[in-house]
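Chain and residue survey
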Amino acid sequence: ATLINVPVFALHEWSLANTNADITGTIEALDRLNVINKLLVKNPGDGLPLYQDTEFLNQELLPFYEWCFNDRPSDSDYIEQPRIRYQVQGLNTVKPENNWPPGNIAHEAWFLNSSSGNPTLPGSLDKQQPDNNPGFKLWNRREQGNTVEFISDPLENDMEISGPIMTELYISSNSGDRAFEVTLYEEIVVENAVTKIVFPSFLTRDVEKDETEEPVSVSRNTVTRGVLKATARTRDTARSSEYLPVYSLDDEVNIAPGQSIRLDIAMRQTAYRFKTGSRLV
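Here goes a summary of the coordinates provided. These numbers were taken from a predicted model, which means no experiment stands behind them.

A word on the sheet that holds strand β7 (residues 150-151). Strand order in the open sheet formed by three strands is β5-β6-β7, with mixed pairing between adjacent strands. One side of each edge strand has no neighbouring strand; the edge strands of this open sheet are β5 (111-113) and β7. One ladder, built from two bridges, connects strand β6 (residues 123-126) with β7; its direction is parallel. Bridge assignment links Gly-123 to a residue of β7, and that residue is Phe-150.

Below you can see the structure in the form of structure tokens.
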């Protein structure tokens, strides 16, 4: 990549599709270039493909082409544009940055708590870790269903996340390997909708009130996810950072029976705004 001297305009989406590359590799490639490069990260498109969207082409790609194929003047307004612009999901605004992750982020830990020790009951997702958190054991989960949930209290304020996300998981197993998938959702609850039915006066003699309630509506938006096999947990120390593990994938490290190990599960980087009253799952 260091030998490339052609300007690059990179386009990315916050997609969770397995066939779409994570932004981590895109950023790493752009950082190695010795040439001007720009990156635009958008929400997954639900209309025309971007390269068939004439409004997008005129607004984004045309200025790049006009600069690139007209001697690349160093005093062009295009040069002054931020190197990275990204769309925040749930907010639909585009924010400027010169580097990634954004320079104003602060990493925050949330804890997977299970006060009951029963994996069939949802645990809690909290900003504090209690002293009496027993954890739990999973037996034959392949046959019994293999999902464990942790749910936060409703958010008191909007919360925006941008950049790398990692799940730190401690496991032991009698098998030489285990695979894990972690998904982060935003759960949105719509309060009961109460509809009052107004009757004619001659029908209300023995009726004080009559109300119907719509059922509570709960929906979940998938924010990000990550997967990891325990035997592939070795970090590439040169390419990893504290909260963004990159795996070497050049060796397998089995799990010794009864051994407790730590897994750092890298989740797809994203930019997302959680709304007040929603829950993290």
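That was the structure; now back to the text.
This part is about the packing of aromatic side chains. For the structure on display, the rule yields nine aromatic pairs. Judged by centre distance (6.0 Å) and plane angle (40 degrees), the rings of Trp-14 and Trp-100 are tilted. Highlighted residues: Trp-14 in the loop between β1 (8-13) and α1 (23-31) and Trp-100 in the loop between β4 (94-97) and β5, separated in sequence by 86 residues. The two residues Trp-14 and Trp-100 agree in class, both being buried.

Here we come to the pattern of salt bridges. Taken as a whole and assessed by the stated rule, the structure comprises 15 salt bridges. Residue Glu-108 is joined to Lys-127 by a salt bridge in which the shortest nitrogen-to-oxygen separation is 3.7 Å. Pair noted here: Glu-108 is in the loop between β4 and β5 and Lys-127 is in the loop between β6 and α4 (141-144), with a separation of 19 residues, a long-range link. Taking relative accessible area as the criterion, Glu-108 reaches 49% and is therefore assigned partly exposed.

The subject of this paragraph is the sheet that holds strand β2 (residues 37-42). Spatial ordering of the open sheet is given by β1-β2-β3-β4, a layout of four strands whose pairing is mixed. Every other strand in the sheet has two partners, leaving β1 and β4 as the edge strands with one partner each. Taking the axes of each pair of neighbouring strands and ignoring which way they run, one obtains an average angle of 15 degrees across the sheet. Bridge count between β1 and β2: six bridges; the pairing is parallel. Across the sheet, the residue bridging to Ala-10 is Leu-39, located in β2. In the packing of α1 onto the sheet, contacts are made with β1, β2 and β3 (84-87), and the angle to β2 comes to roughly 170 degrees. Against the sheet, helix α2 (residues 54-68) contacts β1, β2 and β3, and its axis sits at roughly 150 degrees relative to β1.

Conventions we followed
- Residues numbered from 1 in each chain as written.
- Predicted model: local features only at pLDDT ≥ 70, side-chain atom pairs only at ≥ 80, totals over all residues.
- Heavy atoms only, no water.
- Pairing = 2+ DSSP bridges.
- Helix = DSSP H or I, 4+ residues; strand = E, 2+ residues; numbered from the N terminus.
- Phe/Tyr/Trp six-rings, centres within 6.5 Å; stacked < 30°, edge-to-face > 60°.
- Buried < 20%, exposed > 50% of the residue type's maximum accessible area, 1.4 Å probe, protein only.
- Salt bridge = Lys/Arg side-chain N within 4 Å of Asp/Glu carboxyl O.
- Axes fitted to C-alpha atoms, helices over the stretch in contact; angles between N-to-C directions.
- Contact = heavy atoms within 4.5 Å.

Interpretation note: all reported values are geometric properties and have no functional meaning in isolation.
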